[in-house]
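# Structural characterization, general
Residue strings, one per chain:
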Amino acid sequence: MPTARHAKQALSRRQLLVRSAATVALAGLGGLAKPYLSRAADRPLITSGIASGDASADSAVIWARADRPARMQVECSTVESFRTIIRTASARALPDSDFTSKLLLEGLPPGQDIFYRVRFEDIADAGISGEAQVGHFRTAPLVQQSVSFVWSGDTAGQGWGIDPGRGGMRTYATMRGNRPDFFIHCGDHIYADCPIEAELKLPDGSLWRNLVTEDKSVVAKTIAQFRGNYKYNLLDENLRAFNAEVPMLAQWDDHEVTNDWSPIGTADETGYTEDGTSRLVARAARAFHEFMPIRELPAQAGRIYRKISYGPLLDVFLLDMRSYRDSTWNRHGDGNDACILGSIQLAWLKRELAASDVTWKVIAADMPIGLVSEDGIALGDGPPDRRECEIADLLSHMKRAGIRNTVWLTADMHYTAAHRYDPNRAVFQEFEAFWEFVSGPLHAGTWAPAPLDNTFGPAVAFQKGCSAEQGENLAPCFGLQFFGRVDIDGESEVMTVTLKDVDNRDLWSVDIEPRPDARPARILSQQF
């Protein structure tokens, strides 16, 4: 008898293709069926594909964008034919959100392939309905079974946009072929500060020819321009197909706003509100939340850090290393007020890690811990200083609390690497050894590996980026675009991490054995 995992792998690509208008008309739309009009101009359309995100055991966020004011209608089924509809929901798409719409589908069965279809209907006349598109995601299991996911970051950076003649954003197609349960985007979904020009010259004299749009041709300052960055990326058919089939766990980093930004210390020529809030950051955050299939937290609007539970084997802790940090540029002096996470987020992370009773705890970070960069955590060799002190506090807390089987994943650096942190070679030694994996970019310039500092004792197990001969900001067509894949075996609980490139080559891999829980019985008993 095939297992659930085999059944998932057996799903054909055909089953997940967007349905044509004719197919939808024949199949109907279950309980949501409405008269279907033939005049395209009368029907609200889906402009940028569909997407799902933050899938849990019983729910997921669904996203789409219309071309006018409309109502998004969503229905889902556990069978590709939609013979049985298990849930329906609707939400409005209005000008205030640039006609984007998202909703939380709840009450879903755990551990199931969920097929969903989306259409827009006229906001004033429900009888006028547009063409439907079909997507897929898988809910988290309640029982112990194998899990697979991918991660990366950094899309359309350094001027490398969509060149249809070179296949567009090919890494998304490669990740889609891996058939993951979900995808972690570690940030830099857009490069708001990097305009896309029509042509870029390559080292061999040939040309990279970008698709261009008005809003993506300038540095983003207005809300329309920030939105335009997301709409530009969604012109790529690889990204749209990926979004329709793989649920996303979205983070953000600096380029969703501007290079190396921080809440303080970043000049904003667009001005500030009366309470001192940067208008640039506010516009960027608004566009991010409009275009990302991210769960909304009513108690703390706009919060990005969160935990996503994916069955008995995995919790994913998504961090926000931008919104609460001190000034990017204040790298010296009194470290008492320095931070990268902020006190509230740090306390949340400690608490949630201690409460987690799953085997693996993946910490998805905006940037790596020990790589020295202008706006990074690492400040160079020596004991913890400034924002490194928060990381030292966290790592020592994890050791004292007996929290084991943590793995850090990130992107940001535009190359791929595996780092092993070991207290035996570290200046700061109050922590247990752990792995950190870096992989990116998805579709941006590639850079050379950066130096490591010895504060937390990292060592390079593998790294690959551009060479000195190739030069930095290497174009995507040279093949140095990277993502990582994680597989957790449902029986042995072994985690296998594989670093891969745009052509799906396995560059390096490691099997990590889970360690027995070391938390005191008192802490464990408080969870139940």
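Residues numbered from 1 in each chain as written. Predicted model: local features only at pLDDT ≥ 70, side-chain atom pairs only at ≥ 80, totals over all residues. Heavy atoms only, no water.

Time to look at the pairing of strand E15 (residues 360-364). In the case of a regular strand, side chains alternate between the two sheet surfaces. For E15, a buried count of five out of five residues is recorded, marking the element as mostly surrounded by other parts of the structure. Burial of the side chains of E15 extends over both faces: Trp360, Val362 and Ala364 are buried on one face and Lys361 and Ile363 on the other. Here strand E14 (residues 314-318) runs beside E15; their pairing, made up of five bridges, is parallel. Pairing of phenylalanine 317 across the sheet is with isoleucine 363, part of E15. Examined bridge by bridge, E15 and strand E16 (residues 406-410) share four bridges and lie parallel to one another. Bridging across to E16, alanine 364 finds its partner in leucine 409. (Buried < 20%, exposed > 50% of the residue type's maximum accessible area, 1.4 Å probe, protein only. Helix = DSSP H or I, 4+ residues; strand = E, 2+ residues; numbered from the N terminus. Pairing = 2+ DSSP bridges.)

Within the secondary structure, glutamate 75 sits in strand E3 (residues 70-77). You can call glutamate 75 buried: its relative accessible area is 1%. Here the side chain of glutamate 75 touches arginine 117 through a polar contact of 2.6 Å, side chain to side chain. (Polar contact = N/O pair within 3.5 Å; in protein donor to acceptor, adjacent residues only side chain to side chain.)

If you trace the seven strands from one edge of the open sheet to the other, you get E13-E14-E15-E16-E18-E17-E19, paired in mixed fashion. One side of each edge strand has no neighbouring strand; the edge strands of this open sheet are strand E13 (306-309) and strand E19 (458-464). In this sheet, neighbouring strand axes are inclined to one another by 20° on average, regardless of whether the strands run parallel or antiparallel. Bridge count for E16 against strand E18 (residues 434-438) is four bridges, and the pairing is parallel. Among the inter-strand pairings, leucine 409 is bridged to a residue of E18, identified as phenylalanine 437. (Axes fitted to C-alpha atoms, helices over the stretch in contact; angles between N-to-C directions.)

This brings us to the sheet that holds strand E7 (residues 133-138). Hydrogen bonds along the backbone pair up the strands of a sheet, which may run parallel or antiparallel. Pairing in this open sheet of four strands is antiparallel, and the strands run E4-E3-E6-E7 from one edge to the other. Here the strands that pair on one side only, and so sit at the sheet edges, are strand E4 (87-93) and E7. This sheet shows a mean twist of 25° between the axes of neighbouring strands, independent of strand direction. Sheet topology places E3 next to E4; seven bridges connect them, and they run antiparallel. Residue pairing for E4: glutamine 73 is matched across the bridge by serine 90.

For the chain, the mean per-residue pLDDT works out to 89, and 88% of the residues sit at or above 70. Across residues 1-38, confidence stays below pLDDT 50; counting only partners more than four residues off in sequence or on other chains, it has 70 contacts. Throughout residues 522-528 the model reports pLDDT below 50, and contacts reaching past four residues in sequence, or to other chains, amount to 10 contacts. (pLDDT = per-residue confidence, 0-100. Contact = heavy atoms within 4.5 Å.)

For the coordinates displayed, the defined rule picks out three cavities of 30 Å³ or more. One number sums up the size of the largest cavity: a volume of about 170 Å³. In terms of lining residues, the largest cavity is bounded by 16 residues, among which Leu234, Leu239, Asn243, Met248 and Met292 are the most central. Grouping the amino acids of the lining of the largest cavity by side-chain chemistry returns 11 nonpolar, five polar and no charged. (1 Å grid on protein atoms, 1.4 Å probe; cavity = no way out; pocket = protein on both sides within 12 Å on 5 of 7 lines; lining within 4 Å. Points joined across faces, edges and corners; volume = space filled by probe spheres on them. Nonpolar A, V, L, I, M, F, W, Y, C, P; charged D, E, K, R; others polar.)

The next point concerns the packing of helix H3 (residues 170-177) against helix H5 (residues 237-245). Close contact between H3 and H5 brings their axes to 8 Å; oriented N to C, the two are set at 30°. The pairing of H3 with H5 is recorded here as roughly parallel in orientation. For H3 against H5, the interelement crossing comes out left-handed. Mapping the contact onto sequence places Arg170, Tyr172, Ala173, Met175 and Arg176 in H3 and Asn238, Leu239, Ala241, Phe242 and Glu245 in H5. (Parallel < 35°, antiparallel > 145°, perpendicular 65-115°, else oblique. Left-handed = near helix turned anticlockwise from the far one by under 90°.)

We now examine the environment of arginine 303. Locating arginine 303 in the fold gives a position in the loop between helix H6 (279-291) and E13. C-alpha of arginine 303 to C-alpha of aspartate 320: the two residues are 17 residues apart in sequence and 8.6 Å apart in space. If we ignore the near neighbours within four places in the chain, the residues touching arginine 303 are His289, Leu297, Tyr324 and Trp348.

The next thing to look at is the packing of aromatic side chains. Evaluated as defined, the whole model comprises 24 aromatic pairs. Here tyrosine 116 and phenylalanine 137 contribute two aromatic rings whose centre-to-centre distance is 5.8 Å and whose plane-to-plane angle is 40°, an arrangement assigned as tilted. A residue pair is termed long-range when its members are at least 10 positions apart, and tyrosine 116 in strand E6 (residues 113-122) and phenylalanine 137 in strand E7 qualify at 21 residues. Here the two residues tyrosine 116 and phenylalanine 137 agree in accessibility, since each one is buried. An angle of 75° between the planes, with centres 6.3 Å apart, marks the rings of phenylalanine 431 and phenylalanine 456 as edge-to-face. Highlighted residues: phenylalanine 431 in the loop between strand E17 (416-421) and E18 and phenylalanine 456 in the loop between E18 and E19, separated in sequence by 25 residues. For the pair phenylalanine 431 and phenylalanine 456, a shared accessibility class is recorded, and that class is buried. These aromatic residues form a ring-pair network of at least three members: Trp408, Tyr421, Phe428, Phe431, Phe434 and Phe456. When the ring centre of phenylalanine 82 is taken as origin, the NZ or CZ atom of arginine 117, which lies over that ring, is 4.1 Å away. (Phe/Tyr/Trp six-rings, centres within 6.5 Å; stacked < 30°, edge-to-face > 60°. Lys NZ or Arg CZ within 6 Å of the ring centre and 35° of its normal.)

What follows is about H3. Residues Thr171, Tyr172, Thr174, Met175 and Arg176 constitute the buried set of H3. In this structure, the buried side of H3 is in contact with strand E8 (147-152), strand E9 (182-185), H5, strand E20 (482-488) and strand E21 (495-501). Where H3 terminates, the next one or two residues include arginine 179, which has phi positive at roughly 55°.

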